[in-house]
Structure formats: structure tokens, C-alpha cells
Amino acid sequence: MAFDNAYEALADAHDDARWAFGTGFDNPLSGVDTTVPSGVDGEDLAQYCLMLGDDALVLSHRLQQWCTRAPELEDEVAIANIGLDLLGQARLLLARTGRADGSGRGEDHYAYFRGEHEFRNVRLAEREHADFAQLVATVLVLTTWRLAVFQRLQASADPVLAAIAQKGVNELTYHRDYAAQWVVRLGDGTETSHARTVAAFDEVWPLVAELFEPHDVERRLDGVAVDPAEVRAEFDDVLAQVLSAATLETPVVPAKAGVAGGKGRNGRHTEQMGYLLAELQSVARAYPEATW
Amino acid sequence: MTVTEPAPSESDLEQHFEHTIAKDQRIEPRDWLPEAYRKTMIRQIAQHAHSEIIGMQPEGNWITRAPSLRRKAILLAKVQDEAGHGLYLYSAAETLGGDRGDLTEKLISGRQKYSSIFNYPTLSFADVGVIGWLVDGAAICNQVPLCRSSYGPYARAMIRICKEESFHQRQGYELLMAMMNGTRKQREAVQDSVNRFWWPSLMMFGPSDDDSPNTAQSMAWKIKRHTNDELRQRFVDMTVPQAETLGVTLPDPDLAWNADRGHHDFGAIDWDELKQVISGGGPCNTERVERRRAAHEDGAWVREAAAAHARKQQQRKEAAA
């Protein structure tokens, strides 16, 4: 890669590798053996990949909405970076879904042509962020949870899922670190920032319990999926450390109930989810025959 | 007793500066430089930085709605690159004594400008491709010569920026190729977008040479290497065959190859429109500056918190020592 001579650099056409993950290919799992391991139910595996994929896709969407609105340019870059990493994870997982369920459908089918009730993300991922404190509180909670899950998922009986988790662990370690540092700065900073951060965690916390409730699919996928209840202790430890450094208390607020017995993992979402999908899917649905 | 050489006089320093420029060498932050050069350079670099940051908005407008996950990743990465370019450039301005906060204030109070092209709205996803192709293409024509700017930190930042811009231009063109090979509605969207962005792209090179007050001094100082009209011609000549390959029509009935000149002739630019946009009357001037102001003001409490935390950490360290 030539940085010394601009003219030479402009003619350098074969340097795609240095650009952000996911910009250079159509099929994220191209060349990977995506056979479902024997003894694993393909439909369950597909559902599980949707859960983890939708969490990433939907949180990435909320981060994309911050673009051009960050408090400082360094954060503009960092938030986009986290959004890109999560988008990359979503693409791998949604592509895995289309192989595991036997349909052969691509990532875009799942992102753009499913209805609200078919999305399997936890409700916290879809929550709007009213301010920067809510952004970092949400990212801290979700990436701490996801990192703990992905660390265990590296030993999954599905080698594709294990490889996706392995790639994700490094990324999530950075995401968690970024969010934790900001929570500490805001909690410890000024009276205003402290108050806003307390309020942010009060908003986020009622949706935390949902992260640790195992779904039937996760129960059935023993050895393939991670039982989210297993990561609660690790999550509590990390949050306690960060909150204490930020001079914050763990919120004492009741958990939000589900709807008709279901929550995000069952396709029961908040009222905000429909608007999120209307934005995400509008162009793709306006040109249903198009290729991009 | 130490013998020190007498300090060089102002005229010695100025002579040294002119000599460095004449030899095509770079001026570095430690070097003496005339105050007018410093001011011109800070203004030029800052306006370029502002353009990168404001330029995130028109394309950022489509990130959440990008119609495929691959296109979304490309667009998000591109807009992130622009934030990075803004950062390098504000840093280059800081080497001349500029201050990022002060320059941002000048942007949001309208005392410093940014590229007029970003005051046009993005009305369809095709605009993402057309901005990559035409706007980044025009920016590259403008910016490649700046890689040889006499001011070292700016020239070095420009080398990296131009490389990334050229990648963006290829990606934009590739999106347009995909759309032109797609459905009738997609082709119509591309043509409509080209119709809207062609003339504003030509205006990106600034007023014609007869009407460009800063060109002569900037050329003498080798801050600028080519005139506005030279660069505009280069862009037109480069773009016409690309439009043919793509299968779009450039909206100029006077556009034709002139064998005598060895260049394309093109129609008259509506300078009144450029003046209107530059003086604040473009379709999106208010919205672009307002968004930047809102982000800056909404973020004030966050920046204050970070500073307060850093002070407290320092005090704790001192108390523990």
C-alpha cells in the first residue's frame, strides 16, 4: 500500500483487504462449509442464529442513527466502528440462518423482508437512545452480556457458530471497553452527567432481566447454544465493577413484563420496533425486484 | 561564556521561506512562516475539514435505509472515513496554531465555509452512488494536487485522504453499475440523480479563474497548483467516458468533444446559483449547519464530564502521591 505517492496510490486497485469488514463481499459465508452438524436440529439452529443476529442488526441500527450526532469526532468514529462490527456479526449470523433452515435464503431476506413479529432480538436492542448516556448504558449492558455469551459460544458444537463467536469476541471486548470508559467518565464527571447516567441506567435496567431468560430453542440446542442464565453472574460482576468506578448504584427497578407471555425472543416487541423496521426496510421494499 | 549567534532578522527568515517554496520543499510546523501564509493555510485546511464533517450528512441520511446489508456496510464505513478525514485535517490545522473548538465555532456561526455541494439534498439511494462517482471524483481532481501542497502536514494528510476518496469513488461507481444493470426504476433513479448533481459538481471547482480572488497568491505560495478552470476541465474530460460506460446522459446539451482543444466543451455554469448557495440560500444550508450545531451543543455536557473526570483523576493521583 503506497502512501508516499498519491498518484501511485490512486491506481492501486487491489487493496480491498484494508477496508472495513463486510464491504467487499455479497455472501459473508462464501467458501465456508455450512453443513448442519449431525444431531443438531437445523430449524432450531436457524432460530438461534436469528436471535443473535437480530440483536446485532437492531443495535447496529440504533448506533447508525447516531451518525453526525456524536458529542466529539473521536466518538463519531468509535460509534460507527461499533455499528460496523455489529453489522458484520449480523450478516454472518443471518447468512448462517439461511443455510441452517435449508432455505438457502441470503442475509438480506432476513433483514428486509420479515415482519416485526418475526424478529427475535431482545427488546433492549431496539430501544431508542434519548441521549449519549442512554447510548453508552445500552451498549455497556448489551456488549457485556454478548461478550460473555460469545466467549462460551466459541466451544459450540456448530463450527460455523463457533468461528463467528471467535471473531466477535475481540470486537465485543473493545465495544464493552469503550462503553465502560464512558460510563465511568459520565458517572464521575459533573453533577449533570452523573444525574443523566443514573437516569439512563434506570431506563435500561427494566429490560436487563430478559437477557438471561432461556428460550426453548436455547434449551433444546444443548452444546450448540449458550444458556443465557449461565452468564448472569459474570454480567453482574462486570457491571458492579464499572458502576462502582462510575460512583453509581445498581438500579433497583422492576423488570418490564412481556406481552401475552412473550418478549423479544418470541417476536413481542416494543412500539418503537415498527418504526425502526419501517426505516430499515423502506428502500428494499420499494424496489422488491431490484439487486444492489 | 557561550557565544550565541545573532537571531536571524525577519527579512532573512522570509527569504529562507521563499527559498524553501521555490525549491519545492515543504514548510514544516517548526519553520518560520509569514502570518498571511499561516492564516491562509488555517482557513484552507479548516474549510476542508468542515467540508468532510458536513459532508457526512447528505450520505449519512441513507445509512439506516440502505437497501442491502453490504451497501449499508460500505456506506457506514465511508461516512466513518469522512469523520476520520475531518480529524486528520483539524489536527493539521492545529499544527499552525488553529484550535478545533474555535474552528467548529466558526463553522456553526457561519464565519467559515464548507464545500457548497453539501447544501444539496440527497433524495434517493442513487444519490449515494452519484455522490461517490461525481462529488468524490471532483474532490479527487481538486485534492490530488494538494498532496504536493507546500505545507507538509496538510500534504501528508491529503495523500491518505485522496487514497480513501479514490476507493469511495470506485464504490460509488460500482453501485451505479449495479443499479443501471437492475430494474427500470433503478435506472430512472440514477438518471434523476445525475441530473441533479452534475452542475453542482462542476461548481465544486469554485468560480472561474477570472473571478477567483485568492488564486494568484495561493499559486505563488504553491498552496494551489492548478487553477479552478484547469481542474474543472480535467474533471469533465475524465467523467464523460465514464458516463457513456454507465449509460447515463449528462444534462448538458452543449457538452461535446472539441478536437482542436483536445478537451470537451461544456455549457455555461449558472454562477448565480453558486453565489446563492455559497451565501446561504442553498436548499440545505440551514439544515446542515443546524445539525452540526445541535450535535456540538447536545454534546457539551459530555465533553464537560470527560474534562471533569480527567481533572478528578489527576487530583486523586496527586493526593495519593
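Rules behind the numbers
Residues numbered from 1 in each chain as written. Chains lettered and ligands numbered in written order. Predicted model: local features only at pLDDT ≥ 70, side-chain atom pairs only at ≥ 80, totals over all residues. Heavy atoms only, no water. Helix = DSSP H or I, 4+ residues; strand = E, 2+ residues; numbered from the N terminus. Buried < 20%, exposed > 50% of the residue type's maximum accessible area, 1.4 Å probe, protein only. Expected span 1.5 Å × (residues − 1). Axes fitted to C-alpha atoms, helices over the stretch in contact; angles between N-to-C directions. Parallel < 35°, antiparallel > 145°, perpendicular 65-115°, else oblique. Left-handed = near helix turned anticlockwise from the far one by under 90°. Contact = heavy atoms within 4.5 Å. Nonpolar A, V, L, I, M, F, W, Y, C, P; charged D, E, K, R; others polar. Polar contact = N/O pair within 3.5 Å; in protein donor to acceptor, adjacent residues only side chain to side chain. pLDDT = per-residue confidence, 0-100. Salt bridge = Lys/Arg side-chain N within 4 Å of Asp/Glu carboxyl O. Core = buried A, V, L, I, M, F, W, Y, C linked by side-chain atoms within 4.5 Å. Buried area = accessible area lost by both parts, 1.4 Å probe. Phe/Tyr/Trp six-rings, centres within 6.5 Å; stacked < 30°, edge-to-face > 60°.

> So what's going on with the overall build of chain A? Which residues, and what values?
Looking only at helices and strands, chain A has eleven helices and zero strands in total. Helices and strands appear in chain A in the N-to-C order α-α-α-α-α-α-α-α-α-α-α. For chain A, the C-alpha atoms occupy an extent of roughly 55 × 50 × 40 Å along the three principal directions. In chain A, which comprises 292 residues, the share counted as buried stands at 56%.

> Residues and numbers for helix α10 (residues 228-246) of chain B, please.
Because each turn of an α-helix spans 3.6 residues, side chains separated by three or four positions end up pointing in the same direction. Residues and elements named next belong to chain B. An ideal rise of 1.5 Å per residue puts 27 Å on 19 residues; α10 measures up with 27 Å between its terminal C-alpha atoms. Those residues of α10 that sit buried are N228, L231, R232, Q233, F235, V236, D237, T239, V240, A243 and L246. In the stretch just after α10, G247 is the one whose phi turns positive, near 90°.

> Explain the packing of helix α3 (residues 73-100) of chain A against helix α7 (residues 159-188) of chain A to me, and be specific about the residues and the numbers.
Residue and element names in this part refer to chain A. Between α3 and α7, whose axes approach to 10 Å, the crossing angle comes to 160°. Here α3 is positioned roughly antiparallel relative to α7, judged by the angle of their axes. Both α3 and α7 take part in a crossing whose hand is left-handed. In this structure, α3 contributes D75, A78, I79, N81, I82, D85, L86, Q89, L92, L93 and R96 to the contact, and α7 contributes V160, L161, I164, K167, G168, E171, L172, Y174, H175, Y178 and W182. A class-by-class count of the residues in the contact of α3 with α7 yields 13 nonpolar, four polar and five charged.

> An account of the side chain of B:S51 is requested, with residue identities and associated values reported.
Residues and elements named next belong to chain B. Secondary-structure assignment places S51 in helix α2 (residues 35-54). Among the polar contacts listed, one links the side chain of S51 to the backbone oxygen of Q47, at a separation of 2.8 Å. Among all residues touching S51, those that are not within four sequence positions of it are Y114, S115 and F118.

> Which residues make up the confidence of the model for chain A, and what are the values?
Confidence in the prediction for chain A averages 93 pLDDT; 92% of positions are at 70 or higher. Between residues 1-7 of chain A, whose pLDDT stays under 50, and residues either more than four places distant or in other chains, the model counts 17 contacts.

> Requested: an account of the pattern of salt bridges, with residues and values cited.
Residues and elements named next belong to chain A. Using the criterion set out here, one finds 32 salt bridges over all chains in the structure. Here D158 makes a salt bridge to R96, at a shortest N to O gap of 3.0 Å. Here the residue D158 occupies a position in the loop between α6 (132-153) and α7, and R96 occupies one in helix α3, the gap between them amounting to 62 residues. Classification of D158 by relative accessible area gives buried; the value is 0%. Put simply, E213 and K263 hold a salt bridge, and the shortest N to O gap is 3.0 Å.

> Describe in detail unusual backbone geometry, supporting the description with residues and values.
A positive phi angle, close to 75°, is found at A:T68, a residue other than glycine. Position of A:T68 relative to the elements: it lies in the loop between α2 (42-64) and α3. Although it is not a glycine, B:D24 adopts a positive phi angle of roughly 65°. Locating B:D24 in the fold gives a position in the loop between α1 (10-22) and α2. Overall, the relative accessible area of 45% leaves B:D24 in the partly exposed class.

> Summarise the nonpolar core; cite the residues concerned and give the values.
By size, the foremost hydrophobic cluster in this structure holds 185 residues, and its most contacted members are A:Y48, A:F132, A:V141, A:F201 and B:W133. Counting residues per element, this core draws most heavily on α6(A), which supplies 15 residues. Not counting chain neighbours up to four residues away, the residues in contact with A:Y48 comprise A:V149, A:L153, A:L161, A:V217, A:E218, A:L221, A:A225 and A:V226.

> Explain the interface of chain A and chain B to me, and be specific about the residues and the numbers.
Opposite the 69 residues of chain A that make contact, chain B presents 62 residues. Between chain A and chain B, roughly 5600 Å² of surface is buried when both sides are summed, and carbon and sulfur atoms account for 66% of that area. Our count for the chain A to chain B interface comes out at three salt bridges. Between A:E74 and B:R100 there is a salt bridge whose closest N-O contact spans 2.6 Å. Inspection of the region where chain A meets chain B yields 17 residue pairs in polar contact (both at pLDDT 80 or more). For the side of chain A that touches chain B, the secondary structure elements donating two or more residues are α1 (6-10), α2, α3, α4 (107-112), α6, α7, α8 (191-204) and α11 (272-286) of chain A. Looking at the side of chain A that touches chain B element by element, the count peaks at eleven residues for α3(A). Among the residues forming the side of chain A that touches chain B, the class breakdown is 35 nonpolar, 15 polar and 19 charged.

> Describe the packing of aromatic side chains, naming the residues involved and giving the relevant values.
On inspection of all chains with the given rule, the structure shows 14 aromatic pairs over all chains. Seen in terms of ring centroids, A:Y174 and A:Y178 are 6.4 Å apart; in terms of plane orientation they differ by 40°. Their pairing is tilted. You can see A:Y174 and its partner A:Y178 sitting in helix α7, four residues apart, about one turn around the helix. Judged by centre distance (6.4 Å) and plane angle (75°), the rings of B:W62 and B:F125 are edge-to-face. One end of the pair, B:W62, is in the loop between α3 (56-60) and α4 (69-94); the other, B:F125, is in the loop between α5 (100-108) and α6 (126-143), with 63 residues separating them in the sequence. Judged on exposure class, the residue B:W62 and its partner B:F125 are both buried. Aromatic ring contacts, followed pair by pair, group A:F201, A:W205, A:F212 and A:F235 into a single cluster.

> Which residues make up the confidence of the model for chain B, and what are the values?
Where the model shows low pLDDT, its predicted coordinates should not be examined in detail. Residue-level pLDDT values for chain B average 93, and 99% of them are 70 or greater. Quick note on the complex model: pTM equals 0.93, ipTM equals 0.93.

> Could you give an account of the side chain of B:H48, with specific residues and numbers?
Its location among the elements puts B:H48 in helix α2. Setting aside residues no more than four positions away along its own chain, B:H48 makes contact with B:L89, B:Q143, B:Y154 and B:M158.

> Give me the lowdown on the environment of B:N181, citing residues and values where you can.
Within the secondary structure layout, B:N181 lies in the loop between α7 (152-180) and α8 (184-203). Each C-alpha atom, one on B:N181 and one on B:L87, is 37 Å from the other, the two residues being 94 residues apart in sequence.

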